[in-house]
Amino acid sequence: MKKGDIFEGVIEYIDFPNKGRVMADGQVITVKNGIPGQKIRAMINKKKGQRLEARLLEVLEKSPLETQPPVCHNFPACGGCMYQTMSYDAQLSMKETQVRHLLDPVIQKCGQTDEAGHPDYMFEGILSSPCQYGYRNKMEFSFGDDHKDGPLTLGLHKKGSTYDILTVDDCKIVHKDFTTILTAVLEYFHENPAPYYKKMQHTGYLRHLLIRRAQTSGEILVNLVTTSQESHDLAPLVEKVLSLPLEGTIVGFLNIINDSLADVVQSDETRILYGRDYFYETILGLKFKITPFSFFQTNSLGAEVLYSAARKYIGDTDNKTVFDLYSGTGTIAQILAPVAKKVIGVEIVEEAVEAAKENARLNHLDNCEFIAGDVLKMLDTISERPDFIVLDPPRDGIHPKALEKIIDYGVDRMIYISCKPTSLARDLETLMARGYRVEKACCVDMFPGTVHVETVALLTRKAQ
């Protein structure tokens, strides 16, 4: 087969993340954005050696796993929660299988097998999110149009599209307060036109609407992200949004100025139009102050499940020094601090480190230390040696040189929390080659309906 060829076939299974495998013309072809069991029509758009990738053109027959109707009108055009027509049990089963297909071969390859040659570790399955819908506490909506020169839209990208934006005014993975605010903001700019930012020309005013809402307190932070290319009186918009009938309470409305050429949400300047620039969330009895760009798990109730699983794996930390590497706003560090001698967190994002320090004070914890900087460099500056290490790196995993430094501490036990199991599988191979074994692992479904899954693994050092 060659580029441009169109074929039909059935998606036999899906590898993480979102890589559907179709057998056609005697070859395995990767097709994204499908569901196992769907009969599809697709076109080859990439060929590299024997590897073929195709773009999904049409679903000819539904999958037997699609047992429920879609819950929003943008499905399947929106690239968000693409598995929403599968039952939640089927989603969990698929994600669990995907993670095992990544971890088992690595553990087997590294020689950690039983008498029958099977991977010798305890896989404890997948833990579900307490909420299947309305679970996200943060969403970044984009301004744009859903077709060239169409009316202004505000929402999420069309599946597979860089430019087209769908208005997601009935999105179900967020609380209804999100879509109520989104609708009001979009209505305002239809009545008071302002150009959206065009990424190719680097012109325009409206960029993003960032909303954060605490699941426990209902406190809401509204952030309108614009360029500095135009000046608009936003007071009427603020008044309109504050008057909305919401279940939660808006505690701050900010105008974030972003003139970056990249399509990212960042702040060159933040103007507080109403209230304050933070809100509070509670996780496992601890209170956290969250600012617009603080890293915080986007599923607060799911985070309680994740951190509870990690805490169970960590076990006894009494009178021990714990390193929390890639610590974010210090959530894990503060969960461990009451039962540890000392916890040292290292995080490259300075704003997150400042938030972590403030959160520790807020929770009256005086045995936490947070250091701003790259883990690779900062480990050379810390005089203490850890008794236990918690790893919670970003999606790409741990820098190989940093991983070597972590291994050199020679701690008996460590926890690896991963939001991308392919990165975890890669790093486990290095850890196992250097004397660690995987004792147990489990998954936590933090993002129902989507391709993503968290994984927690406990590693112990083999006797030398």
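1. With respect to the sheet that holds strand β7 (residues 138-144)
Right, on to step 1. Strand order in the open sheet formed by 7 strands is β9-β8-β7-β10-β11-β12-β13, and the pairing between neighbours is mixed. The open sheet has two free edges, formed respectively by β9 (165-167) and β13 (269-275), since each of these has just one partner strand. Within the sheet, the average angular offset between the axes of one strand and its neighbour, ignoring direction, is 35°.
Right, on to step 2. As paired elements, strand β10 (residues 206-213) and strand β11 (residues 219-226) share 7 bridges and run antiparallel to each other. Bridge pairing in β11 places Arg213 opposite Ile220.
Right, on to step 3. Each of β11, β12 (249-257) and β13 touches helix α3 (residues 235-242); the most contacted strand, β12, lies at about 155° to it.

2. Comments concerning the sheet that holds strand β3 (residues 27-32)
Right, on to step 1. As summarised here, the arrangement of the 5 strands in space is β1-β2-β3-β5-β4, forming a closed barrel in which the pairing is mixed. Each strand axis lies, on average, 50° off the axis of its neighbour in the sheet, ignoring direction.

3. Concerning the pattern of salt bridges
Right, on to step 1. Applying the stated criterion across every chain, the model contains 24 salt bridges.
Right, on to step 2. Two residues, Lys2 and Asp5, come together in a salt bridge whose shortest N-O distance is 3.5 Å.
Right, on to step 3. Linking Arg21 and Asp15 is a salt bridge whose minimum nitrogen-to-oxygen distance equals 3.0 Å.
Right, on to step 4. For Arg21, a relative accessible area of 18% puts it in the buried group.
Right, on to step 5. Overlapping salt bridges bring together Asp120, Arg437 and Glu439 as one network.

4. Some words on the packing of helix α1 (residues 88-109) against helix α9 (residues 421-433)
Right, on to step 1. Contact geometry for α1 and α9: axes closest at 9 Å, N-to-C directions at 15°. It follows from the interaxial angle that α1 and α9 lie roughly parallel. Considering only the axes of α1 and α9, their crossing is right-handed. The segment α1 lies against α9, with Val99, Leu102, Leu103, Val106, Ile107 and Lys109 engaging Pro421, Thr422, Leu424, Ala425, Leu428, Glu429 and Met432.
Right, on to step 2. Looking at side-chain class alone, the contact of α1 with α9 contains 10 nonpolar, 1 polar and 2 charged residues.

5. Re the packing of aromatic side chains
Right, on to step 1. With the rule as written, the count across this model stands at 6 aromatic pairs.
Right, on to step 2. Aromatic side chains Phe143 and Phe189 sit 6.0 Å apart centroid to centroid with 90° between the ring planes, which places their arrangement in the edge-to-face category. Of this pair, Phe143 sits in strand β7 while Phe189 sits in helix α2 (residues 176-191); the two residues are 46 residues apart in sequence, bridging distant segments of the chain.
Right, on to step 3. On the basis of relative accessible area, Phe143 is assigned to the buried category, the value being 5%.
Right, on to step 4. Through pairs of rings, three or more aromatic residues link up here, namely Phe143, Tyr188 and Phe189.
Right, on to step 5. The ring of Tyr197 has Arg207 lying over it, and the distance from NZ or CZ to the ring centre is 4.0 Å.

6. Some points on the environment of Lys46
Right, on to step 1. Relative to the assigned elements, Lys46 resides in strand β4 (residues 39-48).
Right, on to step 2. Sequence separation between Lys46 and Lys3 is 43 residues, and the spatial gap between their C-alpha atoms is 6.2 Å.
Right, on to step 3. Once residues within four sequence positions are removed from consideration, Lys46 is found in contact with Lys3, Arg51, Leu52 and Glu53.

7. Structural notes on the packing of α2 against α3
Packed helices, taken two at a time, are described by their axes: the angle between them and the distance between them.
Right, on to step 1. Remark: α2 packs on α3, axes separated minimally by 10 Å, with the N-to-C direction vectors making an angle of 145°. The interaxial crossing formed by α2 with α3 has right-handed handedness. Together, Ile181, Ala184, Val185, Glu187, Tyr188 and Phe189 of α2 and Pro236, Leu237, Lys240 and Val241 of α3 make up the contact between the two elements.
Right, on to step 2. Class assignment for the residues of the contact of α2 with α3 results in 8 nonpolar, no polar and 2 charged.

8. Some points on α3
Because an α-helix packs 3.6 residues into every turn, residues spaced three or four apart end up facing the same way.
Right, on to step 1. Listed in full, the buried residues belonging to α3 are Leu237, Val238 and Val241. Taken end-on, α3 shows its buried residues confined to a sector of 100°, consistent with a single buried face.
Right, on to step 2. Buried residues in α3 make contact with α2, β11, β12 and β13.

9. So, the pairing of strand β15 (residues 286-290)
Right, on to step 1. Most of β15 is tucked away: 4 of the 5 residues are buried.
Right, on to step 2. Sheet analysis places strand β14 (residues 279-283) next to β15, joined by 5 bridges and oriented antiparallel. Bridging from a neighbouring strand, Tyr280 pairs with Lys289 of β15.
Right, on to step 3. Hairpin geometry of β14 and β15 is characterised by an intervening segment of 2 residues between the two adjacent antiparallel strands and by a positive phi of about 50° at Leu284.

The rules we used
- Residues numbered from 1 in each chain as written.
- Predicted model: local features only at pLDDT ≥ 70, side-chain atom pairs only at ≥ 80, totals over all residues.
- Heavy atoms only, no water.
- Pairing = 2+ DSSP bridges.
- Helix = DSSP H or I, 4+ residues; strand = E, 2+ residues; numbered from the N terminus.
- Axes fitted to C-alpha atoms, helices over the stretch in contact; angles between N-to-C directions.
- Contact = heavy atoms within 4.5 Å.
- Salt bridge = Lys/Arg side-chain N within 4 Å of Asp/Glu carboxyl O.
- Buried < 20%, exposed > 50% of the residue type's maximum accessible area, 1.4 Å probe, protein only.
- Parallel < 35°, antiparallel > 145°, perpendicular 65-115°, else oblique.
- Left-handed = near helix turned anticlockwise from the far one by under 90°.
- Nonpolar A, V, L, I, M, F, W, Y, C, P; charged D, E, K, R; others polar.
- Phe/Tyr/Trp six-rings, centres within 6.5 Å; stacked < 30°, edge-to-face > 60°.
- Lys NZ or Arg CZ within 6 Å of the ring centre and 35° of its normal.
- Arc of directions from axis to C-beta.

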